[in-house]
Amino acid sequence: MLNDSDSIHQPGEDLREYLRSRENRSLYRYRLTLESPQAPRVTVSGREYLAFCSNDYLGLANHPELIAAVCEGARQYGVGAGASHLVSGHSRAHHLLEEALASFLRYPRALLFSTGYMANTGVVTALSGRGDAIFADKLNHASLNDAALLSHARLSRYPHLDLAVLERQLAASRARRKLVVSDAVFSMDGDIVPLPSLLELCERYNAWLLLDDAHGFGVLGDQGRGSLAHFNISSPRIIYMGTLGKAAGVFGAFVAAQEKIIEMLIQCARSYIYTTATPPFLSHALLKSLELIAGGAWRREKLARLTKLLKQECRSLPWKLLPSDTPIQPLVMGENAKVLRVSEALRQKGILVTAIRPPTVPEGTARLRITLSSSHDTEDVMELGAALREIDRDME
Ligand SMILES: *Cc1c(COP(=O)(O)O)cnc(C)c1O
């Protein structure tokens, strides 16, 4: 596709061609510009839409107590961190949040990263390199795959949740250090990894397990402590990564692990070392967010009720919801063009649901990724169900 001589003689021509071909295959991506806060009702180009797209599962992204905490944090710590953590950017607000996260997750230590993408890159490259081996579920988040490539370790990917294949790969590996990496809740499918069996394999073959709980933290388990609490599991072998921009409603990410792992990350994780610390007021607000998560059992109960209702609402549709008990409820349609058509028809009815296409999901499994938030109401979910049924009738 990218031909050198072309790009020298006609700058941009090859890019234009590439972009056109994406458009022809219904793969072109456009952004929406929100004029309102993230919420079940958002404003785009002056029109209000009912939205089922965000990862704001607990409805905290626009919570008044968090807005107040941000203002208070800014008054106390200012706006910018001004430096990286290892220079002079590590503030007391960061430190308090790390301590609160470690204690919430019952780990000895936690370390903040700017984003989940950077946390995954940092952990994987700090713990594995040439001569090491990484084993990854094929449906893992892109950041885990990119991290593995960046590490130069040998990467083996196993079919989604196929632990028999993983076991064969682990048994065959002679690598010095083995790292298994997996989403805990798969971001485009909503299903949950069978953690007890996965951990058992890691123990048998002496591998570390990096668990990416971007979609489980705050949502699953007692007090929203995530996938580990959901399975009532803890192990020094598990390196836990949680993000703070989804259920926690703010921004950022963290890794919880044993003391020696956290120290390794501080010394060696380049995505930790070579970047400016996040604004301390975010950490200040996240302390409040942790309280809302822990005390918000009603939000998780409401999510479970709405999820059940959505499944009922979708029962008579020709498209099937993937089996998922999390607020990620993907309605699989297959063809890219079909998903775009349904997504567009919903939009005309004032409803936003993101069409997810390859390469984010495998070829032929394009889907509407419906996500629920505890700030949705019963009526919202019924409105979505009615709209989908109507679109299905009109398309025949
Ligand atoms: C969103 C997400 C990330 C990245 O987290 P950010 O903080 O948004 O960079 C990593 N892993 C999974 C599974 C995710 O869904």
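Everything numeric in this text was worked out from a predicted model, so none of it was measured.

Enquirer: Which residues make up the site of the ligand, and what values do they have?
Expert: Taken together, 14 residues lie near the ligand, and Gly116, Tyr117, Asp212, His215 and Lys246 sit nearest. Within the backbone of tyrosine 117, one N or O atom sits 3.0 Å away from an oxygen atom of the ligand. Between the ligand and aspartate 212 there is a distance of 2.5 Å, counted from a nitrogen atom to a side-chain nitrogen or oxygen. Contact with the protein chains covers 82% of the free accessible surface of the ligand, which is 380 Å². At 3 residues, the largest contribution of residues to the shell around the ligand is made by helix α6 (residues 116-127).

Enquirer: Please provide a residue-by-residue account of the nonpolar core, values included.
Expert: Of all hydrophobic cores here, the largest spans 78 residues; its most connected members are Val180, Phe217, Leu346 and Leu388. Mapped onto the domain boundaries, this core takes at least three residues apiece from domain 1 (26-58 + 297-395) and domain 2 (64-294). Sequence-distant contacts of valine 180, that is, excluding residues within four places in its chain, are made with Phe135, Tyr158, Leu166, Leu170, Leu198, Cys202, Ala207, Trp208, Leu209 and Leu210.

Enquirer: Before we move on, could you go through the sheet that holds strand β3 (residues 109-113) and cite the residues and values that matter?
Expert: The strands making up a sheet associate through backbone hydrogen bonding, with each pair oriented either parallel or antiparallel. Taken together, the 7 strands give an open sheet; going across it, the order is β3-β9-β8-β7-β6-β4-β5, and neighbouring strands pair in mixed fashion. A single partner strand is all that each edge strand has here, and the edge strands are β3 and β5 (154-158). Recorded for the sheet is a direction-independent mean angle of 20° between the axes of neighbouring strands. As paired elements, strand β7 (residues 208-212) and strand β8 (residues 238-243) share 4 bridges and run parallel to each other. Its bridge partner lying in β8, aspartate 212 is registered against methionine 241. Lying over the sheet, helix α8 (residues 163-172) contacts β4 (133-137), β5 and β6 (178-183), oriented at roughly 155° with respect to β5.

Enquirer: Explain the domain arrangement of the protein to me, using residue names and the numbers behind them.
Expert: Under the domain assignment used here, the protein contains domain 1 (26-58 + 297-395) and domain 2 (64-294). The centre of domain 1, based on its C-alpha atoms, is set 27 Å off from the matching centre of domain 2. Taken together, the contacts link 21 residues of domain 1 with 22 residues of domain 2. Of the roughly 1500 Å² buried between domain 1 and domain 2 on both sides combined, carbon and sulfur atoms contribute 60%.

Enquirer: Mind laying out the pairing of strand β2 (residues 47-51), listing which residues take part and the relevant values?
Expert: Along any regular strand, the residues point their side chains to alternate faces of the sheet. Here 4 bridges tie strand β1 (residues 41-44) to β2, and the two strands are oriented antiparallel to one another. Looking at β2, one finds that valine 42 is bridged to tyrosine 49. Connecting β1 to the next strand, β2, in antiparallel fashion are 2 residues, including serine 45 with a positive phi near 50°. With 2 bridges joining them, β2 and strand β12 (residues 351-352) adopt parallel strand pairing.

Enquirer: Help me get a handle on helix α14 (residues 297-314), residues and values and all.
Expert: For α14, built from 18 residues, the straight-helix expectation of 26 Å at 1.5 Å per residue is met to within 8% by its first-to-last C-alpha distance of 26 Å. Along α14, the residues classified as buried are Arg299, Arg300, Lys302, Leu303, Leu306, Thr307, Leu309, Leu310, Glu313 and Cys314. For α14, the secondary structure elements touched by its buried residues are α13 (280-294), β10 (320-321), β11 (328-334), β14 (366-371) and α16 (378-395).

Enquirer: Residue-level account of the state of the cysteines, with values.
Expert: Two cysteines joined by a covalent bond between their sulfur atoms form a disulfide. With the rule as written, the count across this model stands at 0 disulfides. Cysteine 53 supplies the cysteine sulfur nearest to cysteine 314, a cysteine that is in no disulfide, at a spacing of 15 Å.

Enquirer: Before we move on, can you summarise the packing of helix α15 (residues 336-348) against α16 with the specific residues and values?
Expert: Here α15 crosses α16 at 125°, and the two axes come no closer than 10 Å. As judged from the angle between their axes, α15 and α16 are oblique. Crossing of α15 over α16 shows right-handed handedness. Contacts between α15 and α16 pair Lys338, Arg341, Val342, Ala345 and Leu346 from the former with Leu384, Ala387, Leu388, Ile391 and Met395 from the latter. Here the contact of α15 with α16 is built from residues that sort into 8 nonpolar, no polar and 2 charged.

The rules we used
Residues numbered from 1 in each chain as written. Predicted model: local features only at pLDDT ≥ 70, side-chain atom pairs only at ≥ 80, totals over all residues. Heavy atoms only, no water. Near = heavy atom within 4 Å. Polar contact = N/O pair within 3.5 Å; in protein donor to acceptor, adjacent residues only side chain to side chain. Areas by Shrake-Rupley, 256 points an atom, 1.4 Å probe, with all protein chains shown as cover. Helix = DSSP H or I, 4+ residues; strand = E, 2+ residues; numbered from the N terminus. Core = buried A, V, L, I, M, F, W, Y, C linked by side-chain atoms within 4.5 Å. Buried < 20%, exposed > 50% of the residue type's maximum accessible area, 1.4 Å probe, protein only. Domains from an automatic or database assignment. Contact = heavy atoms within 4.5 Å. Pairing = 2+ DSSP bridges. Axes fitted to C-alpha atoms, helices over the stretch in contact; angles between N-to-C directions. Buried area = accessible area lost by both parts, 1.4 Å probe. Expected span 1.5 Å × (residues − 1). Disulfide = S-S within 2.5 Å. Parallel < 35°, antiparallel > 145°, perpendicular 65-115°, else oblique. Left-handed = near helix turned anticlockwise from the far one by under 90°. Nonpolar A, V, L, I, M, F, W, Y, C, P; charged D, E, K, R; others polar.

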